[in-house]
Amino acid sequence: MKSNRAYPPLASRLFSVWYRHFRTYTKDLVSNGFPPFMEPLIFLAGMGIGMARYVPGLAGMSYLQFLATGLVMTSAMFTSAFECTYGTYIRLEFDKTYDGMLAAPLKVSDVMIGEALWAGTKGAFFSLAVLVIISAFGLVNFAAALLTPFVGFLTGFLFASIGLLITSFVKNMNHFNFFFTGLLSPMFMFCGTIFPIENLPPPLQVLAEFLPLTHPVRLGRVAAMASGWHASLLLDLAYTIGVAALIMAWATKRLEKRIIK
Amino acid sequence: MLLGMPANAIEVRNIFKTYADGTPAVKDVSFDVPEGSCFGFLGPNGAGKTTLMKMLFGMVKRDARPGTRVDVLGFDPARDELSIKHLCGVVPQDNNLDTEVNVGANLYIYSKFYGIPSRDARERITELLGFMELREKAKAKVGDLSGGMKRRLVIARALMNRPKLLILDEPTTGLDPQVRQLIWDKVRSLKREGTTVLLTTHYMEEAYQIADSIVIMDKGNRVLEGNPRKLLAEGIEGWVLEVLDEDAMGAFGDAGGGGLLSPGVRREDGESRSQFFSEHPEALREIATRLPSGATHLRPTNLEDLFLRSTGRQLNEEQ
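Residues numbered from 1 in each chain as written. Chains lettered and ligands numbered in written order. Predicted model: local features only at pLDDT ≥ 70, side-chain atom pairs only at ≥ 80, totals over all residues.

For chain B, the helix and strand inventory stands at ten helices and 13 strands. Expressed as a percentage of its 319 residues, the buried residues of chain B come to 44%. Sequence-distant contacts in chain B: of pairs separated by 6 or more residues, those separated by 24 or more amount to 69%. (Helix = DSSP H or I, 4+ residues; strand = E, 2+ residues; numbered from the N terminus. Buried ≥ 20, exposed ≤ 12 C-beta atoms within 10 Å, placed from the backbone. Contact = placed C-beta atoms within 7 Å.)

This is the structure:
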């Protein structure tokens, strides 16, 4: 009798997809590892030298600390959003990577969830890189802040799911401009990274609560500062995980239709 | 479900595919592929070959119709595509290798999709690189490989899991003759070991070389099917004399030939050439003597001629 379970179980399938991305990414570790360390360094050096002294401290920390602990999650957001828009689109339409992977015992959902898990891992790595830099600046205590990469993972997964959903609609790579300029850039400005959302006019504060970056930034700042814990953070955590799961399910369904004709 | 293995690796009954935009790609195709044999789909680009293959491992959804039945190694791709893919190796039309990593790593990454333990994977990789004659290339970058080597690597990748069924989608398109011969040799030796092979190609020669049975498709329909040698023997005369110089045909006048043709010779006029078919090469040689020397070419007929006769079109014409 044939067993219906000859093929690898779900966990093994997801791991294999994750592993494929891990191997291809780490092949070029020097050039791929350069930006996550360099970007926060440049940003903080510029801000620290040039701007921070004009801005008073806020919410019990210096402005540079506020900015630095916001950057931890935007870095995770951008890397994961890039991975699951441009990266996914190129694998889908140009490199035909998925045709090769889907010839092996994998489903479209395995490939996409594995991809988001990898983007989450990159988010964790990028937030860790920022943490290394900002603790070297003496802005945070590295040892106390080790929950940060975990939040970085969730952030990466959340923006991977959003990126995959966007990709499922896109017919031309230029369309990603709407996503990056129309959604990610405003979020970078208005979701509590550069200034507290309490400074926004009240209607925009409400809007900011709906935007996906607000919640990871709040979680990430507390994790990086290792202070400011509050029960309401559970809501931020629930938003981050819940929205990621919902969007992931929708994105997978749409990509399935796009790939399996 | 039947106990034991079916005698056919693949059984397809009345399969249809219409794409979302309304394009009918496959119309009512049925076929059986006995275990351990090589089955070839032939036809011009756009004939529906790739669509048909992709339906067998779930990359394309067949139309839902009550009369359709598909069985691949005991499983229906509509319900259990993972079981099928676990037992199959697929060589897609595009190479899609991971260019970031070297040859060995490409295979190692792929072994993980099958959940093969690392030690077994490494052994298998050594074996496959040897089999596909890529042993010295284990550490080479994919970008540095020639087209033929890339293709061999994709085939090695498809063999990772020791497939019972190997699906080859245009395995040698665009490759030079030596590499094609090598790939055909490898396919033959896999067949000897009991692997069932499913092949699409628009090279008649390829089908003739390795397939036990072929279906010639055109515009989603079956045109001819059977053993390639038998088809050729029964479907068309053994020899053809091609007249490459149209002006030379002046001597023969219009298609009627004015009684100049001996019995058993058939004449066909194309747009830029005329052909004489016969079982008897001597009859054709006699015709050649009546035409300017160098204007004719006598050769055995091939599946290409048969295809042309059955469909009225050249195989490599775009549709």
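Per the secondary structure count, chain A includes ten helices and zero strands. Shown N-terminal to C-terminal, the secondary structure of chain A runs as helices and strands in the order α-α-α-α-α-α-α-α-α-α. Relative to its length of 261 residues, chain A is compact, with a C-alpha radius of gyration of 19 Å against a globular reference of 18 Å. On the principal axes, the C-alpha backbone points of chain A span a range of 70 × 40 × 35 Å. Here chain A holds 261 residues, and the buried ones make up 48% of them. The contacts in chain A between residues at least 6 apart in sequence include a share of 80% that link residues at least 24 apart. (Rg over C-alpha atoms; globule rule 2.2 N^0.38 Å.)

Next up on the list: the pairing of strand S1 (residues 8-18) of chain B. Residues and elements named next belong to chain B. Examined bridge by bridge, S1 and strand S2 (residues 24-34) share seven bridges and lie antiparallel to one another. Looking at the pairing, Asn-8 lines up with Pro-34 of S2. Hairpin geometry of S1 and S2 is characterised by an intervening segment of five residues between the two adjacent antiparallel strands and by a positive phi of about 95 degrees at Gly-22. Here four bridges tie S1 to strand S4 (residues 69-72), and the two strands are oriented antiparallel to one another. Directly across from Val-12, in S4, lies its bridge partner Val-70. (Pairing = 2+ DSSP bridges.)

Residues and elements named next belong to chain A. Checked against the element boundaries, Ala-245 lands in helix H10 (residues 233-259). Under the C-beta neighbour-count criterion, Ala-245 is labelled partly exposed, with 13 such atoms within 10 Å. Spatially, the C-alpha atoms of Ala-245 and Leu-158 are 8.0 Å apart, while their sequence positions differ by 87 residues.

Residue and element names in this part refer to chain A. Contact geometry for helix H5 (residues 108-136) and helix H6 (residues 148-169): axes closest at 6 Å, N-to-C directions at 135 degrees. It follows that H5 is oblique to H6 by the angle criterion. You can see that H5 and H6 cross each other, and the crossing is right-handed. Split by residue class, the contact of H5 with H6 holds 14 nonpolar, nine polar and two charged. (Axes fitted to C-alpha atoms, helices over the stretch in contact; angles between N-to-C directions. Parallel < 35°, antiparallel > 145°, perpendicular 65-115°, else oblique. Left-handed = near helix turned anticlockwise from the far one by under 90°. Nonpolar A, V, L, I, M, F, W, Y, C, P; charged D, E, K, R; others polar.)

Residues and elements named next belong to chain B. Looking at helix H8 (residues 228-235), one finds that the buried residues are Pro-228, Leu-231 and Leu-232. The buried side chains of H8 occupy one side of the element, clustering within an arc of 95 degrees when seen end-on. Those residues of H8 that are exposed and aimed more than 90 degrees away from the buried face are Arg-229, Lys-230, Ala-233 and Glu-234. Those residues of H8 that are buried are in contact with helix H7 (204-210), strand S8 (213-218), strand S9 (221-226) and helix H10 (303-311). (Arc of directions from axis to C-beta.)

Here we take up the sheet that holds strand S6 (residues 165-169) of chain B. Residue and element names in this part refer to chain B. The six strands are arranged S5-S6-S7-S3-S8-S9 in an open sheet whose pairing can be described as mixed. Both outer strands of the open sheet, strand S5 (88-91) and S9, are each paired with one neighbouring strand and no more. The average angle at which neighbouring strand axes cross in this sheet is 15 degrees, direction not considered. Alignment of S5 against S6, held across four bridges, turns out to be parallel. Bridged to Val-90 within S6 is Ile-167.

In this section: the confidence of the model for chain B. Residues and elements named next belong to chain B. Residues of chain B with pLDDT of at least 70 account for 92%, and the chain-wide mean is 88. Per-element mean pLDDT across chain B ranges from 82 in H10 up to 97 in helix H3 (residues 103-113). ipTM for the predicted complex: 0.91, alongside a pTM of 0.88. (pLDDT = per-residue confidence, 0-100.)

Residue and element names in this part refer to chain B. Taken in spatial order, the four strands make up an open sheet running S11-S12-S10-S13, and their pairing is antiparallel. At either end of the open sheet lies a strand with only one pairing partner, and these are strand S11 (265-269) and strand S13 (296-300). Sheet twist, expressed as the average angle between the axes of neighbouring strands with direction ignored, equals 20 degrees. With five bridges joining them, strand S10 (residues 239-243) and S13 adopt antiparallel strand pairing. Looking at S13, one finds that Val-243 is bridged to Thr-296.

Here the focus is the interface of chain B and chain A. The interface of chain B with chain A comprises 25 residues on the first partner and 28 residues on the second. Among the elements that make up the side of chain B that touches chain A, the one with the highest residue count is H3 of chain B (five residues). Along the lines of polarity and charge, the residues of the side of chain B that touches chain A split into 13 nonpolar, five polar and seven charged.

Glancing now at the domain arrangement of chain B. As assigned here, chain B comprises domain 1 (8-233) and domain 2 (237-300). Inter-centroid distance (C-alpha atoms) of domain 1 of chain B to domain 2 of chain B is 40 Å. (Domains from an automatic or database assignment.)

On to the packing of H5 of chain A against H10 of chain A. All names here are of chain A. With their axes 9 Å apart at the nearest point, H5 and H10 run at an angle of 130 degrees to one another. Regarding the angle of H5 to H10, the classification is oblique. Classified by chirality, the crossing of H10 by H5 is right-handed. Side by side, H5 and H10 meet where Val-108, Ser-109, Met-112, Ile-113 and Ala-116 of the first sit next to Met-248, Ala-251, Thr-252, Leu-255, Glu-256 and Ile-259 of the second. Taken together, the residues of the contact of H5 with H10 sort by class into eight nonpolar, two polar and one charged.

Bringing unusual backbone geometry into the picture now. Look at Ala-226 of chain A: it is not a glycine, yet its phi comes out positive at around 55 degrees. With respect to the secondary-structure elements, Ala-226 of chain A resides in the loop between helix H9 (214-225) and H10. Overall, Ala-226 of chain A belongs to the partly exposed group, with 16 C-beta atoms counted inside 10 Å. The phi dihedral of Glu-170 of chain B is positive, around 50 degrees, even though this residue is not glycine.

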